[in-house]
Each structure stands twice: as structure tokens, then as C-alpha cells.
Amino acid sequence: MRQTEIAQLLAGADDPGLFSAADALTRENFGNDVYLRGVVEFSNHCRNNCRYCGLRLANPNVHRYRMTVADILACAGLARELSIGTIVIQSGDDFSYTADDIARVIIGAKADSDVAVTLSLGDRTETELAHWRESGADRYLLKIETFDAALYAHARPGLTVADRLTRLAALRRAGYEVGSGVITDLPGMTPDILAADLLRLADLDLDMIAVGPFVPHPDTPFGRERPGSILTAFRAMAVLRLLAPLANIPSTSALNALRDGAREQGLTKGANVLMPSLTPETVSPDYAIYPGKNAFRADVRERVEAAREAIRRVGKTPSTAVGGSKRRHHG
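Treat the numbers as computed from the prediction; the structure is a model and nothing was measured.

Draft legend 1. Structural detail: the packing of helix α5 (residues 126–134) against helix α7 (residues 161–174). As a packed pair, α5 and α7 sit with axes 9 Å apart at the nearest point and diverge in direction by 30°. Note on packing geometry: the crossing formed by α5 with α7 is right-handed. Contacts between α5 and α7 involve E126, L129, A130 and R133 on the former and, on the latter, R167, A170, L171, R173 and A174. Taken together, the residues that form the contact of α5 with α7 break down as five nonpolar, no polar and four charged.

As C-alpha cells, this is what we get:
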């Protein structure tokens with residue numbers, strides 16, 4: 001698919017055809033199964049100042065927290081109890097946790113269980129990444145947000161696309177299943193930039209690809225910008241499915257932050273993954289990357305059951321499988 005054709009689809013040239021083709025391709029490769037990934041957001045401390053993120057270092061209005069290794073492992077135990085095949089260990093760029101702290105989480109989470117462990121810890125060193133892989137971590141999620149160098153530098157001050165790509169390559173060398181993704185309608189993004197971003201994502205041959213709409217946070221420099229379009233995000237997800245038929249694609253919580261029920265709709269437009277939060281409700285509202293993140297105030301069991309119900313409502317099946325990369329094991 002050429003960039004001009006993608007730009008036309010993103011502009012709405014053929015929504016019925018696009019969404020139908022994406023859903024058919026998803027069913028062809030994954031059947032009706034939707035994988036659940038339980039996310040444990042263990043720290044909202046971050047050393048970065050991304051202009052779109054509520055956890056940015058310069059935001060004084062965040063109630064900061066850190067969970068202990070024991071608390072993180074308690075969440076992992078709950079994931080096993082609830083028959084969730086993958087747990088995602090996620091935080092801001094918080095370097096107060098040592099490489100061995102994270103290794104203890106990985107080893108503990110995988111003890112007596114075949115659960116897969118995905119890490120989403122930001123820009124850690126290649127030595128740390130290798131250590132965690134050797135400790136048993138299966139996957140690593142490192143969002144790119146956009147490949148456009150100027151837009152990236154504006155949105156993530158002091159950071160570069162080149163560094164992010166270097167780290168994605170390091171993850172692949174370490175043997176992880178690798179995930180990345182973009183934000184649609186990030187302030188300054190044009191349809192051409194988004195079309196190019198989707199092609200670049202597909203070219204990286206990733207195991208997981210996430211795409212979610214921009215949600216403005218009032219305590220950030222982008223707080224007064226317009227929210228992203230849910231429809232544009234749906235189109236981007238569907239295009240990605242056509243470009244990367246075997247990738248695991250989540251329907252993100254950012255969709256529901258903009259419109260209740262949008263996340264389950266995404267499961268009919270190319271997505272095959274949902275990621276309910278397992279973060280304890282005592283701290284989960286403080287993991288406010290954007291307003292509406294973890295807004296569903298319920299205990300973890302209720303959140304997971306709500307995710308399963310959402311999957312059933314669109315005629316699909318909540319899977320208890322680990323849901324590893326089909327891209328790697330295909331053929």
C-alpha cells in the first residue's frame with residue numbers, strides 16, 4: 001500500500017471497505033479470540049517532560065506513587081487467578097528501580113505459571129534489557145509516537161527519534177517480542193505524517209503495534225489542543241491490520257477516554273487485544289497519562305470482567321492464552 005492510498009483511507013475514502021477488510025483479516029489470523037493483557041502500572045514517576053503526558057516531570061499536580069516489588073507481584077498473582085495470559089509491567093521512566101528489582105518481578109511473576117511478561121519501562125540501558133530478557137521477560141513495549149523528527153522533538157523535548165529506533169533495535173537483538181506505536185492527531189501531525197508513520201511502523205516488522213488517539217491533559221503544554229478523532233484512530237488501526245496482518249494490535253484505553261464504548265468498537269476494526277488495568281485502585285487514578293485513563297473505578301476483578309463482557313458484546317471470545325507473536329511462528 002502506498003502512502004497516498006493510506007492518506008486517502010485515513011481521510012475516509014472507504015470506511016466500510018477498510019473496516020470490513022481489517023476485521024476479516026483479523027478473524028482469518030486470530031479467529032474470534034481477543035487476548036487480554038493485564039497492566040500493572042507500578043510507578044507514575046517520570047524523568048521526562050513529554051508535552052502530551054500528564055506524568056511529565058514538570059507537572060506539580062500529580063500525586064506520585066511507587067509500588068514495592070511485593071505489591072507488583074501481588075498484582076501478578078491476581079492476573080494468574082483471573083486467567084490472564086500476559087501481564088504488562090509498566091511505569092514512567094523511573095530509574096529508582098534497579099535492574100535486579102525488575103528481574104525479581106519477572107522471575108516472581110513467572111514462578112509456577114506460564115504467564116507472559118511484557119515490560120514497558122521506557123529508555124533503559126542495553127545491559128538492563130539483556131538482563132531482563134535472561135530473567136525471563138518475553139516482550140517489551142516502547143512507543144515511538146511519531147517518526148517525524150521535528151514533531152517528535154517538539155512533543156518529547158530533549159529526545160530524538162534516532163535514539164528510540166536504536167533502542168528498538170537493541171530490544172530485537174536481545175530476543176524480545178517488540179512492540180511500538182503512535183498517537184494519532186498528536187498536535188502538529190498531518191495526515192501525510194500519520195500515513196508515513198503507519199508505513200514505518202509496518203516496515204519495522206513488529207510483534208505488537210499500538211495506535212491511540214491524542215487525549216489532551218490540562219496540566220500539560222498540549223492541554224488546550226483539540227482531542228484526536230476516534231474515527232481517525234479506527235482508520236489507522238484498520239490500515240495497520242492490512243499492513244501487518246499477524247501483529248498483535250490492542251484497542252487502547254485512550255479510545256474509551258474520548259468516548260465510552262469506543263474501545264470495544266476497535267475490536268471490529270483490526271484490533272485483537274484488550275489491556276485492562278490490574279493497578280490497585282488505591283493508586284490507579286494517579287496513573288493519569290491523560291484524563292479518563294483508569295477512570296473506571298472498580299476493583300480489579302470487575303475491571304477484567306468488564307473487559308471480557310466488552311469482547312463478548314462485539315461477538316468475539318475473551319482468550320486466556322498467552323497470545324504470543326504469530327509473526328514469529330507463522331509458517
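That was the structure; now back to the text.
Draft legend 2. Quick look at the environment of L151. Secondary-structure assignment places L151 in helix α6 (residues 149–155). Given the relative accessible area of 7%, L151 is considered buried. Put simply, L151 and P187 are 36 residues apart on the chain and 8.4 Å apart in space, counted from C-alpha to C-alpha. Among all residues touching L151, those that are not within four sequence positions of it are T146, L186, P187, G188, M189 and I193.

Draft legend 3. Local environment of the side chain of R303. Counting through the fold element by element, R303 comes out in helix α12 (residues 300–313). The charged side chain of R303 is buried without a salt bridge, its nearest counter-charge being E281 at 5.2 Å. At 2.9 Å, the side chain of R303 and the backbone oxygen of S277 are in polar contact.

Draft legend 4. Structural view of the pattern of salt bridges. Under the definition given, this model contains 16 salt bridges. R235 is paired through a salt bridge with D15; the nearest N and O atoms lie 2.9 Å apart. Within this pair, whereas R235 is found in helix α9 (residues 230–243), its partner D15 is found in helix α2 (residues 15–30), the two being separated by 220 residues in sequence. The exposure classification of R235 matches that of D15, with both residues buried. Note that K316 and D23 form a salt bridge whose closest N and O atoms lie 3.0 Å from each other.

Draft legend 5. View of the side chain of Q90. With respect to the helices and strands, the residue Q90 is situated in strand β2 (residues 86–91). On the basis of relative accessibility, which here comes to 14%, the residue Q90 falls in the buried class. Contact partners of Q90, with chain neighbours within four places excluded, come to V39, V40, E41, F42, S43, S120, L121 and Y287.

Draft legend 6. Molecular detail of the environment of S96. Within the secondary structure, S96 is located in the loop between β2 and α4 (99–110). By relative accessible area, which is 42% here, S96 ends up partly exposed. Sequence separation between S96 and C46 is 50 residues, and the spatial gap between their C-alpha atoms is 10 Å. Only 2.9 Å separates the side chain of S96 from the side chain of R66, close enough to count as a polar contact. Here the side chain of S96 touches D94 through a polar contact of 2.9 Å, side chain to side chain.

Draft legend 7. Geometry of the packing of aromatic side chains. In the structure shown here, the tally under the stated rule is four aromatic pairs. Geometrically, the ring pair formed by F30 and Y35 is edge-to-face, given 6.2 Å between the ring centres and 85° between the ring planes. Side by side, F30 and Y35 carry an identical accessibility label, which is buried. On the numbers, 5.8 Å between centres and 80° between planes, the contact of Y140 with Y176 is edge-to-face. Linking Y140 in strand β4 (residues 139–141) with Y176 in the loop between α7 and β5 (177–184), this pair joins segments that are 36 residues apart in sequence. Its relative accessible area of 0% is what places Y176 among the buried residues. The ring of F95 carries the charged tip of R47 above its face, separated from the ring centre by 4.2 Å. Against the face of F234 rests K269, its NZ or CZ located 5.0 Å from the ring centre.

Reading guide: rules and limits
- Residues numbered from 1 in each chain as written.
- Predicted model: local features only at pLDDT ≥ 70, side-chain atom pairs only at ≥ 80, totals over all residues.
- Heavy atoms only, no water.
- Axes fitted to C-alpha atoms, helices over the stretch in contact; angles between N-to-C directions.
- Helix = DSSP H or I, 4+ residues; strand = E, 2+ residues; numbered from the N terminus.
- Left-handed = near helix turned anticlockwise from the far one by under 90°.
- Contact = heavy atoms within 4.5 Å.
- Nonpolar A, V, L, I, M, F, W, Y, C, P; charged D, E, K, R; others polar.
- Buried < 20%, exposed > 50% of the residue type's maximum accessible area, 1.4 Å probe, protein only.
- Lys, Arg positive; Asp, Glu negative; His and termini not counted.
- Salt bridge = Lys/Arg side-chain N within 4 Å of Asp/Glu carboxyl O.
- Polar contact = N/O pair within 3.5 Å; in protein donor to acceptor, adjacent residues only side chain to side chain.
- Phe/Tyr/Trp six-rings, centres within 6.5 Å; stacked < 30°, edge-to-face > 60°.
- Lys NZ or Arg CZ within 6 Å of the ring centre and 35° of its normal.

Any functional reading would require information that these geometric values do not contain.
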